[in-house]
Amino acid sequence: MDDRIREHARILVDWSARIDAGDDVVVAVEDGAHDLAVAVAEQLGDRGANLLSTYQSDELTRAYLGAHNGSFTENPEYELALYERADSVLFLKGSRNTTETADVDSDQRQAYSTARQAIREARLDTDWVSTQHPTRAMAQQAGMAYADYKDFVYDATLRDWEALAEEQAQLKDILDDGKEVRIVADGTDITLYIDGRIAVNSAASVAYDSHNLPSGEVFTAPYDTAGVVTFDVPMTIQGRRVKNVELTFKDGVVVDWAAEQGEGVIGEIIGTDGGSRQLGELGIGMNRGVDRVTDNILFDEKMGGTVHLALGRAYDACLPEGKSGNDSAVHEDLITTMGEGSRLEVDGETIQKDGLFRWEDGFEG
């Protein structure tokens, strides 16, 4: 086994999920992540945790949704009980075909998602962490040789997370104290209102309310939005290609949208429910180990010099105690590049210009 797989597993169990002896851990393993699952099982056994593994597969999902009549049982109790009693859920992603579910009917997909909302909430109430094992399918989607893609994944994942957490704390403090964020870039001039919200220093650990490995972003939950934003980073959403999406917001709600490719996908997302027309997240990428777009949201949204906005659900970690945020069955991220001529302002002060933060070398205010 590649030593980097064992190091990946160690970081996931120790730093990210903070697993202790006696913890009840569900490990959801996609069909291409077997090697990482073996290394994770070894780490969990060494700590005396309790392991229950489940098998995840887009091919299984496609077969099930394609055959079902669409009248899904709401939140089956046997599955809900599993997550309600778990301490941690570790999602080991490793797709063998990144477009396996591309032909699943969108109405069927939405009905299934809506019927499982309480299960999704129960999973999110655990110390859950999602990570990615490099597969040939992911390398192909990224347009990279498999060996190069593995190097990319581990460069982004096997980092000094404590040092990055310290750097990101600077941006968290600014957002926590801020009221308005303005993003100006090519095709984008949008203002987001964040006063009273909490920014999350997403440093790849549940200790930071962070649930992705790799991570490397600071995010919060705007409660109002106005302006236009263009997302220039191509993505695959629900198995379909999306490119150059433009959203127009007024009074916090999407009032118009367009896309060079995949406009129908965006329309389906926006039409999911009342909350899917609003933003649930403003995220600012800070992981310089992610140095290219790979058509994988787990990595792409963390890339330094990008900003992402999510339609749909807001995370509770961004909300003051007792306050509710935007609620939706979806949370779909879209990414824009903060390149030359761009700027990120908080309460009128430029925090980032041309993709560089004010504390980074080369920043010119």
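Residues numbered from 1 in each chain as written. Predicted model: local features only at pLDDT ≥ 70, side-chain atom pairs only at ≥ 80, totals over all residues. Heavy atoms only, no water.

### Let's talk about the packing of helix H1 (residues 3-16) against helix H2 (residues 34-47)
Part 1 of the argument: Axis separation between H1 and H2 bottoms out at 9 Å; the angle between their running directions is 50 degrees. Regarding the angle of H1 to H2, the classification is oblique. Crossing hand, H1 versus H2: right-handed. In contact with Ile5, Arg6, His8, Ala9, Arg10, Leu12, Val13 and Asp14 of H1, H2 contributes Asp35, Leu36, Ala39, Val40, Glu42, Gln43, Leu44 and Arg47. (Axes fitted to C-alpha atoms, helices over the stretch in contact; angles between N-to-C directions. Helix = DSSP H or I, 4+ residues; strand = E, 2+ residues; numbered from the N terminus. Parallel < 35°, antiparallel > 145°, perpendicular 65-115°, else oblique. Left-handed = near helix turned anticlockwise from the far one by under 90°. Contact = heavy atoms within 4.5 Å.)

### Some words on the side chain of Ser88
Part 1 of the argument: Within the secondary structure, Ser88 is located in strand E3 (residues 88-93).
Part 2 of the argument: On the accessibility criterion, Ser88 (1% relative accessible area) is buried.
Part 3 of the argument: Not counting chain neighbours up to four residues away, the residues in contact with Ser88 comprise Ala17, Ile19, Asp24, Val25, Val26, Thr126 and Asp127. (Buried < 20%, exposed > 50% of the residue type's maximum accessible area, 1.4 Å probe, protein only.)

### Focus: the nonpolar core
Part 1 of the argument: In terms of nonpolar packing, the biggest core is built from 41 residues, with Leu175, Val181, Ile183, Leu247, Leu309, Leu311 and Leu334 touching the most fellow members.
Part 2 of the argument: Other than its neighbours up to four places away in sequence, Val181 contacts Leu175, Ile190, Thr191, Leu192, Ile194, Leu282, Leu344, Glu345 and Val346.
Part 3 of the argument: Ala17, Ala142, Trp161 and Ala204 belong to the second largest nonpolar core, which has 39 residues in total. (Core = buried A, V, L, I, M, F, W, Y, C linked by side-chain atoms within 4.5 Å.)

### Remarks on the domain arrangement of the protein chain
Part 1 of the argument: When the domains of the protein chain are assigned, the result is domain 1 (1-155) and domain 2 (159-355).
Part 2 of the argument: When each unit is reduced to the centre of its C-alpha atoms, the spacing between domain 1 and domain 2 is 23 Å.
Part 3 of the argument: At the junction of the two partners, domain 1 supplies 35 residues and domain 2 supplies 31 residues.
Part 4 of the argument: Taking both sides of the interface into account, the surface hidden between domain 1 and domain 2 amounts to around 2,800 Å²; carbon and sulfur atoms contribute 55%. (Domains from an automatic or database assignment. Buried area = accessible area lost by both parts, 1.4 Å probe.)

### Focus: the pairing of strand E16 (residues 331-337)
Along a regular strand, successive side chains alternate from one face of the sheet to the other.
Part 1 of the argument: Burial of E16 is extensive: five of the seven residues sit out of reach of the surface.
Part 2 of the argument: Bridging between strand E15 (residues 306-312) and E16 involves seven bridges; their strand directions are antiparallel. The residue bridging Thr306 from the neighbouring strand is Thr337, located in E16. (Pairing = 2+ DSSP bridges.)

### Observations concerning the sheet that holds strand E14 (residues 279-285)
Part 1 of the argument: If you walk across this open sheet you meet the five strands as E7-E9-E14-E15-E16, and the pairing is antiparallel. Of all the strands in the sheet, the pair left with one neighbour each is strand E7 (200-202) and E16. For this sheet, the mean inter-axis angle between neighbouring strands, taken without regard to orientation, is 25 degrees.

### Here's the deal with the environment of Tyr83
Part 1 of the argument: In this fold, Tyr83 is placed in helix H4 (residues 77-85).
Part 2 of the argument: By relative accessible area, which is 6% here, Tyr83 ends up buried.
Part 3 of the argument: Distance in space between the C-alpha atoms of Tyr83 and Asp125 is 8.5 Å, their sequence separation being 42 residues.
Part 4 of the argument: Discounting residues that sit within four places of it in the chain, Tyr83 has contacts with Val26, Val89, Ile119, Ala122, Arg123 and Thr126.

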